Amino acid sequence: MRKGLFLSKAVVVTCVVAAIGAAATIIALSVVYAQEKSKNEMTLQSTDSPTTSPTSPTTPSTPKEPWQRYRLPESLAPISYNVTLWPRLEPDADNLFIFTGHSTVVFRCVKETELLLIHSNKLILTSFEGYFAKLRGLSGAAAPSLKDTWLEIPTQYLVVQLNSPLQAGSTYELYTEFVGELADDLGGFYRSEYIEDGMTRVVATTQMQPTDARKAFPCFDEPAMKAVFHMTLIHPHETVALSNSMNYDPVNITMNGHNLIRTSFEPTEIMSTYLLAFVVSDFKFISMPPNADIRIWARRKAIEEGQGAYALEKTGSILAFFEDYYNSSYPLTKSDQIALPDFSAGAMENWGLITYRETALLYNPGVSSNGDKEWVAIVISHELAHMWFGNLVTTRWWNDLWLNEGFATYVSYLGANFAEPTWNMKDLIVLNQIIGVMSVDALASSHPLSSKEEDVLTPEHISELFDTITYSKGAAVLRMLSEFITETVFSNGLHVSTADSNLFCILLMLFAVEKANIKLPHSVEVIMNRWILQMGFPVVTINTQTGEITQKHFLLDPDSVVDRPSEFNYEWFVPITWIKNVGDEQQYWLLKKEATNTNMTLVGANDWLVANMNTKGFYRVNYDSDNWERLLAKLSSRHLDIPVINRAQLIDDAFNLARAKMVSTTLALRTTKFLDKELEYMPWETAKRNMNYFYLMFDRSEVYGPMQAYWKKQVTPLFNHFKEITVNWTKIPENHNDQYNQVNAISMACSTGVEGCEALTTGWFKEWQDNPANNTISPNLKYTVYCSAIAAGGEKEWDFAWSMFKNATIATEADKLMSALSCTKEPWLLNRYLGYCLDPKKIRKQDATSTIISIASNPIGQPLAWDFIRDKWDHIFNNYGGGSFSFGGLISGLTQRFSYEFEYKQLLQFKEDNAGQFGSAATSLEQALERTKANMNWVALNNKEVFDWFTSEAPIPN
């Protein structure tokens, strides 16, 4: 395989361990940058235009042949591709959208072989004298004659057998011509549609990651198989073609009687197939001196309305931040970012042409909320972080995807914090990433960050890795590493650019060990391997009476069976930070299951201790009962003495410890009693999320009434606080987090029946109904108002919101309405909405699964959605499943409320009835079964205790 731009696992471990630990190829960002830039200068000549092609037959294969294996052999290494594609933006006589193309791949033979395997999926290949390809030798090499060619459908190969071997060290080229469908399946080379000025317009665009470049043209479709790409696109007049590199001047041509444009592009850098992108559209762009090489592309009206201005403004500053962070210039000559009407992921880091959902790139200050704005900043920062790490330096195989995505997720908060310094983004990573993923990683069905290569083979297995463990836990453990070696050392470790990777490792090691003088109990490799190579995390229990500290693998269901072995026996090296009584922060390393630190003992009657400061570490903390009581007393008397992140952490730890039967459920509930005095967003949001579990478990039981009464009592002061500071809801809070907490105050007040709240929201909505052209609802409050009014209303309110959704020209507005439509309490409207989800003319494919999940989150909609999914599973799996990024979340969202025996049995039956038809959702299904069992046990154990506590705290008047 071609070496240079990717790091093998061995190199990763050796290099990063020597430097700042096994966490990272992450730190190996600037590896051989100058060397790689020089390699990328290579160019190859173009080829001529293609002709059409017949249907390609398939040939059965013999078991255990090379073409039945999912990994390419190491006998060939691509050097360059020359690809020409002609997408048809109008349907043919069979009402199909197609593309035609031809490709020449130049490759070097590394090991002598009589077999050529190259990926090809869903392409109809042209036959040349009975073969699906032409082979030619280069630089004097003689090309063997072809013996046989066929398509191996299960492993997605074009198989080329030769009559004599390719010679090691020689270079060859393989030519193919093909036809593919420009489908609306959101993968490979696909079609997106939108309506503007009453006309349906078509965009041809791409999503290659992880394994769909092979749907666009035959290629060696593995991340380590890097090459240079020479792209040419044939497209209609009045459209523009984009790709990873800058285009040459377009040329007018005539093909098959059509007047067209041929746009060719400069050769790309050496890169992986999954980073290739090309788009044909009638979009417009904006740019701004001095960053004219930064362009934001979108629908014409979106650009004219200024929806790309915020992205353009922040892209320049975030790029500048990362250039400083990596101490390396942006690797390319241009940065195009394009907002697509149909896109399966949030965004994709294609090198030089980043593709986004519209909601992740476009922002309209008059319509979009502060949350929408934050999302744009975070996603842009995440994708730009990849321009160096992930694109310039790439992991060898998908089993170490976490290095790529975890790193980008972590540093995206640093980039966004630089772009918006008043938002406290470094704190919000705790809420947005860490707290959520801990609930998933506390399941026995979780998985380690890193897997063995041989355990990740099929496209379905690869797609499963694009989950919250990879992104959020990856970010959490890298943040923890950055904290205990210090952020300065972590970032400065990237400030190296050299042509020799071994020298790079040595320099990092010298810097980290000799200059930084960081005192660690073991090498970073030894410390971090326990967080990377085994799943889960520990709960650390501190006895403040004796100083005894213990750790054990934290499981939400303590009765669940962990059948995944760990070479570390589920023990971790834990960096414990703590304070006593608002004192200085201290640190202690827990290196075994039990230890004693007398510095953690409490002496005074009013002393208290809190650990894991600002949730720097990826672990939970439990205390002896006496310290819990001291902390509860402190929260009740002077809650501001405890840092705000730790106030949130205490709530989250207590609720999760209660679910794991390590503390009483009433203790967890008591951590919320101080909230009637709390004004900060993070504690309220954490409490809201944890109480959501109680609502999921009890909103169909007698607990619901007193639970509502308690939360009504707690949230009323917050509601009144925001009413006062906003001058009776006429102003917007200045602070970013206060704007979020205002939303919490109104949504919780309305859902619990606080006086005046429903009248407020329905009044705003009614004003809009009376004057649809003038929506005066504050952008931050729109979803809350829409949901509350639709829940309180009926068909009239629903149909109005549906009409506004269908006519929305701003994606963030459409998203809010689409989600709020699931808030209705009318079962027939929810059933109708479920039917809309399978009609792409009503709900886009990219939004279908998230809309079904929204309906299932409604207690009235949950059983309807579950019945609907079981009835329509074949259709949903074939049209929305497989490698879809959102598909795994469908199972989780549908089953989050399951807590009864009959629901568990239904889930088991569903698994049996659809065996082999879960694709990337297979892991989610196992997690749903585990969660359901844990929910059943938890409800049986806690129902009476919870009912009694809520009743005593907020008795319901007779």
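Cut-offs and rules
- Residues numbered from 1 in each chain as written.
- Predicted model: local features only at pLDDT ≥ 70, side-chain atom pairs only at ≥ 80, totals over all residues.
- Heavy atoms only, no water.
- UniProt positions renumbered as here; feature names shortened; annotations may be inferred.
- Helix = DSSP H or I, 4+ residues; strand = E, 2+ residues; numbered from the N terminus.
- Contact = heavy atoms within 4.5 Å.
- Areas by Shrake-Rupley, 256 points an atom, 1.4 Å probe, with all protein chains shown as cover.
- Expected span 1.5 Å × (residues − 1).
- Buried < 20%, exposed > 50% of the residue type's maximum accessible area, 1.4 Å probe, protein only.
- Polar contact = N/O pair within 3.5 Å; in protein donor to acceptor, adjacent residues only side chain to side chain.
- Phe/Tyr/Trp six-rings, centres within 6.5 Å; stacked < 30°, edge-to-face > 60°.
- Lys NZ or Arg CZ within 6 Å of the ring centre and 35° of its normal.
- pLDDT = per-residue confidence, 0-100.
- Disulfide = S-S within 2.5 Å.
- Pairing = 2+ DSSP bridges.
- Axes fitted to C-alpha atoms, helices over the stretch in contact; angles between N-to-C directions.
- Core = buried A, V, L, I, M, F, W, Y, C linked by side-chain atoms within 4.5 Å.

An unreviewed UniProt entry annotates the chain as Aminopeptidase of Cyclopterus lumpus. Its UniProt record, at the heading Subunit (unreviewed entry), says of the chain: "Homodimer." Regarding the chain, the UniProt comment filed under Subcellular location (unreviewed entry) reads as follows: "Cell membrane".

(A) Seen up close, the overall build of the chain. Of regular secondary structure, the chain possesses 29 helices and 29 strands. Taking as baseline every contact in the chain between residues at least 6 positions apart, the subset at least 24 positions apart corresponds to 74%. Roughly 35300 Å² of accessible area belongs to the chain as shown, and the carbon and sulfur atoms make up 50% of that amount.

(B) Structural detail: helix H10 (residues 468-485). Across its 18 residues, H10 extends 25 Å between first and last C-alpha, which sits within 8% of the 26 Å expected from 1.5 Å per residue. Counting buried positions along H10 gives 15 out of 18 residues, so the element sits mostly inside the fold. Where H10 begins, one side-chain oxygen reaches toward the backbone nitrogen of Ile469, 3.2 Å away; that side chain belongs to Asp467. Among the residues trailing H10, Thr486 stands out with phi positive, at a value near 80°.

(C) Here's a closer look at the environment of Val743. Considering the arrangement of structural elements, one finds Val743 in helix H19 (residues 736-752). Distance from Val743 to Lys782, taken between C-alpha atoms, is 9.3 Å for residues 39 residues apart in sequence. Residue contacts for Val743: discarding those within four places in its chain leaves Asn780, Leu781 and Thr784.

(D) Region of interest: helix H17 (residues 681-698). With 18 residues, H17 should reach 26 Å at 1.5 Å per residue; the first-to-last C-alpha distance of 25 Å fits that figure. Buried residues dominate H17, accounting for 15 of its 18 residues.

(E) Just the packing of aromatic side chains, in detail. For the structure shown, the criterion picks out 59 aromatic pairs. Plain terms: the ring middles of Tyr330 and Trp388 are 6.0 Å apart, the flat faces sit at 70° to each other, and that makes the pair edge-to-face. Highlighted residues: Tyr330 in the loop between helix H4 (309-326) and strand E19 (335-340) and Trp388 in the loop between helix H6 (370-386) and strand E22 (394-395), separated in sequence by 58 residues. With respect to burial, Tyr330 and Trp388 carry one shared label: buried. The positively charged end of Arg71 is found above the aromatic ring belonging to Trp397, 3.6 Å away from the centroid. Cation over ring: Lys933 sits above Tyr904, and NZ or CZ is 4.6 Å from the ring centre.

(F) The side chain of Gln862, seen in detail. Within the element layout of this structure, Gln862 appears in helix H26 (residues 861-880). Note on Gln862: relative accessible area 3%, which makes it buried.

(G) The arrangement of the side chain of Thr784 in detail. Looking at where Thr784 falls in the secondary structure, it is placed in helix H21 (residues 782-792). Sequence-distant contacts of Thr784, that is, excluding residues within four places in its chain, are made with Val743, Ile746 and Ser747.

(H) Looking closely at the UniProt feature "site: Transition state stabilizer" (unreviewed entry) in the chain. Here the UniProt-annotated "site: Transition state stabilizer" (unreviewed entry) positions come out as Tyr471. Within the secondary structure layout, Tyr471 lies in helix H10. Those residues within four positions of Tyr471 in sequence are excluded, and the remaining contacts are His382, Glu405, Gly406, Thr409 and Phe466.

(I) Focus on the confidence of the model for the chain. Mean pLDDT over the chain: 89, with 90% of residues reaching 70 or higher. Residue range residues 1-62 is modelled with pLDDT below 50. Its contacts to residues more than four positions away, or to other chains, number 195 contacts. Low pLDDT, under 50, characterises residues 496-511; the stretch is placed with 36 contacts to residues that sit more than four places away or in other chains.

(J) Examining the state of the cysteines more closely. Tallied over the entire structure, the rule returns two disulfides. Across the disulfide, Cys750 is cross-linked to Cys757 (sulfur-sulfur distance 2.0 Å). Of note, the bridge from Cys750 to Cys757 carries an S-S torsion of about -90° and is left-handed in sense. There is no split in this pair, since Cys750 and Cys757 are both buried. Bridging Cys787 to Cys823, the disulfide has an S-S length of 2.0 Å. Handedness of the Cys787-Cys823 disulfide follows from its S-S torsion of about -100°: it is left-handed. You can see Cys787 sitting in helix H21 and its partner Cys823 sitting in the loop between helix H23 (811-820) and helix H24 (827-836), a full 36 residues away along the chain. Per residue, the accessibility class of Cys787 equals that of Cys823, and both read buried.

(K) Spatial organisation of the environment of Ala759. Inspection of the secondary structure assignment puts Ala759 in helix H20 (residues 757-770). The class of Ala759 is exposed, set by a relative accessible area of 56%. C-alpha separation for the pair Ala759 and Ser788, spaced 29 residues apart in sequence, amounts to 9.8 Å.

(L) Structural detail: the sheet that holds strand E25 (residues 574-580). Taken together, the three strands give an open sheet; going across it, the order is E26-E25-E28, and neighbouring strands pair in antiparallel fashion. Of all the strands in the sheet, the pair left with one neighbour each is strand E26 (586-590) and strand E28 (609-611). When strand polarity is set aside, the average angle formed by the axes of neighbouring strands in this sheet is 30°. Sheet topology note: the E25/E28 ladder contains three bridges and is antiparallel.

(M) Spotlight on the nonpolar core. Counting 297 residues, the largest nonpolar core has Phe322, Trp531, Tyr623, Phe694, Trp711 and Phe950 as the members making the most contacts within it. Excluding residues that lie within four positions of it along the chain, Phe322 makes contacts with Asn327, Ser381, Leu384, Ala385, Trp388, Val411 and Gly415.

(N) Molecular detail of the sheet that holds strand E27 (residues 594-596). Strand order in this open sheet of four strands is E27-E24-E23-E29, and the pairing throughout is mixed. A single partner strand is all that each edge strand has here, and the edge strands are E27 and strand E29 (620-623). Put simply, the sheet's adjacent strands are angled 20° from each other on average, direction ignored. Sheet topology note: the strand E24 (residues 548-553)/E27 ladder contains three bridges and is antiparallel. When the sheet's bridge partners are listed, Thr550 is paired in E27 with Glu594.

(O) Local environment of the pairing of E26. Judged from the five bridges that link them, E25 and E26 form a sheet pairing that is antiparallel. Looking at the pairing, Thr577 lines up with Gln587 of E26.

(P) Main features of unusual backbone geometry. The step from Gln209 to Pro210 runs through a cis peptide bond, and the omega angle for that step is 0°. Mapping Pro210 onto the fold places it in the loop between strand E11 (199-207) and strand E12 (228-236). The phi dihedral of Glu129 falls on the positive side, at around 50°, and the residue is not glycine. Mapped onto the elements of the fold, Glu129 is located in the loop between strand E5 (123-125) and strand E6 (134-138). Positive phi, normally seen in glycine, also occurs at Leu186, with a value near 65°. Residue classification places Leu186 among the buried positions, given a relative accessible area of 11%.

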